[in-house]
Amino acid sequence: MVREWAEEEEMGHGFFVPVVAGAIIWREWGKLLLIPIKPFYPAVLFIILGFGVSLLGSLGADFFLARVGFVIALYGVVWTLTGTALVKQLIFPFFLLLFMIRMPLFIYSQITFPLQLFASAVAEHALNFIGIPVFRDGNILELASRKLSVVEACSGIRSLISLSFLSLVYGYYFDSKKWMRWALLASTVPIAIFANAGRVTLTGIISVMKAEFADGFYHSLEGGAVFMFALIALVLTHQVINRSYQAFSGRKA
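Residues numbered from 1 in each chain as written. Predicted model: local features only at pLDDT ≥ 70, side-chain atom pairs only at ≥ 80, totals over all residues. Heavy atoms only, no water.

Visitor: An account of the overall build of the chain is needed here, citing residue identities and associated values.
Guide: Across its full length, the chain carries 10 helices and four strands. Traced from its N-terminal end to its C-terminal end, the chain shows the element sequence β-α-α-α-α-α-α-α-β-β-β-α-α-α. In the chain, buried positions account for 42% of the 253 residues. For the chain, contacts bridging at least 24 residues in sequence account for 71% of all contacts bridging at least 6. (Helix = DSSP H or I, 4+ residues; strand = E, 2+ residues; numbered from the N terminus. Buried < 20%, exposed > 50% of the residue type's maximum accessible area, 1.4 Å probe, protein only. Contact = heavy atoms within 4.5 Å.)

Visitor: Give me the packing of aromatic side chains: which residues, what numbers.
Guide: Taken as a whole and assessed by the stated rule, the structure comprises 15 aromatic pairs. Taken together, a centroid distance of 6.4 Å and an interplanar angle of 85 degrees make the contact between Phe92 and Trp182 edge-to-face. One end of the pair, Phe92, is in helix α6 (residues 91-97); the other, Trp182, is in helix α9 (residues 178-209), and 90 residues separate them in sequence. By relative accessible area, which is 40% here, Trp182 ends up partly exposed. By way of ring pairs, the aromatic residues Phe92, Phe95, Phe99, Phe165, Tyr172, Tyr173 and Trp182 are connected into one cluster. Directly above the aromatic system of Phe92 lies the positively charged group of Arg181, at a separation of 4.4 Å from the ring centroid. (Phe/Tyr/Trp six-rings, centres within 6.5 Å; stacked < 30°, edge-to-face > 60°. Lys NZ or Arg CZ within 6 Å of the ring centre and 35° of its normal.)

Visitor: Before we move on, could you go through helix α4 (residues 63-82) and cite the residues and values that matter?
Guide: Spacing of three or four residues puts side chains on the same side of an α-helix, whose turn is 3.6 residues. Between its terminal C-alpha atoms α4 stretches 29 Å, which fits the 28 Å expected from 20 residues at 1.5 Å a residue. Among all positions in α4, only Ala66, Val68, Gly69, Val71, Ala73, Tyr75, Gly76, Val78, Trp79, Thr80 and Thr82 are buried. Tucked inside the fold, the buried residues of α4 contact α3 (44-59), α5 (84-88) and α6. Sitting at the amino-terminal end of α4 is Asp62, which places a side-chain oxygen 3.1 Å from the backbone nitrogen of Phe64. Positive phi shows up at Gly83, right after α4, with a value of about 105 degrees. (Expected span 1.5 Å × (residues − 1). Polar contact = N/O pair within 3.5 Å; in protein donor to acceptor, adjacent residues only side chain to side chain.)

Visitor: An account of the environment of Gly50 is needed here, citing residue identities and associated values.
Guide: Following the sequence through the fold, Gly50 ends up in helix α3. On the basis of relative accessibility, which here comes to 0%, the residue Gly50 falls in the buried class. Here the alpha-carbon distance between Gly50 and Val71, two residues 21 residues apart in the chain, equals 7.2 Å.

Visitor: I'd like a description of a nonpolar patch on the surface, backed by residues and values.
Guide: On the surface, Tyr41, Val44, Leu45 and Ile48 cluster together to form a nonpolar patch covering roughly 440 Å² of accessible area. On the secondary structure map, Val44 appears in helix α3. (Patch = residues over 30% accessible without salt bridge, like charges linked within 9 Å, V, L, I, M, F, W, Y side chains within 5 Å. Areas by Shrake-Rupley, 256 points an atom, 1.4 Å probe, with all protein chains shown as cover. Salt bridge = Lys/Arg side-chain N within 4 Å of Asp/Glu carboxyl O.)

Visitor: Run through the pairing of strand β4 (residues 147-150), naming residues and quoting values.
Guide: Looking at chain direction, strand β3 (residues 140-142) and β4 are connected through three bridges and run antiparallel. Paired with Leu141 across the bridge in β4 is Leu148. As consecutive antiparallel partners, β3 and β4 are separated by four residues. (Pairing = 2+ DSSP bridges.)

Below, the structure written as structure tokens:
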């Protein structure tokens, strides 16, 4: 019997994205009020472009295009009514809105399979190293008592997207250097990938020790714990980058 497990199908952070974007705008509200409003009517082209992309996506049942088009059109409206100076200050919260949009399926499928294979390979070597015999066939780990299939939803891509969103928000609230946000964003790729590989390894260990704890509620709890470790790794990465920056530049972090 092949046992499969998966993360939640929905993006858990999606609901919070507009809330966080709105909170950032509210935090900057005092600065925004000091910027004179000078409508920039050529930005109407952005509204037209966004509407066109959204219409194209709706007609083609491509929800990614439809939602991206909405964000473009919304940005165009704000740009048209408030002007270039003010809308420049809103680039970051508008960029965050893209994280509430699901990745296109054709890109998603191209990314997930290599991540599945990587997580499976790491788990295979880790389990063999600690003395748990395992045979890997692609993304299937065959233990003595059962088979574990690292399915598409367990590639870690959803954790990567959620962690990427949180890295930008964390960088905004806890560091004044704008480049730090993008440095932390880049660091989420290895953190999320190795955290997911660790989760697969942990599931293999639990399957051998107490099989019932490798499924259902306990598996979800395990996923939450691993994600928390990924967040801790992100915070530690921030500290390392800051200390390195301070050492090489002679400036205070």
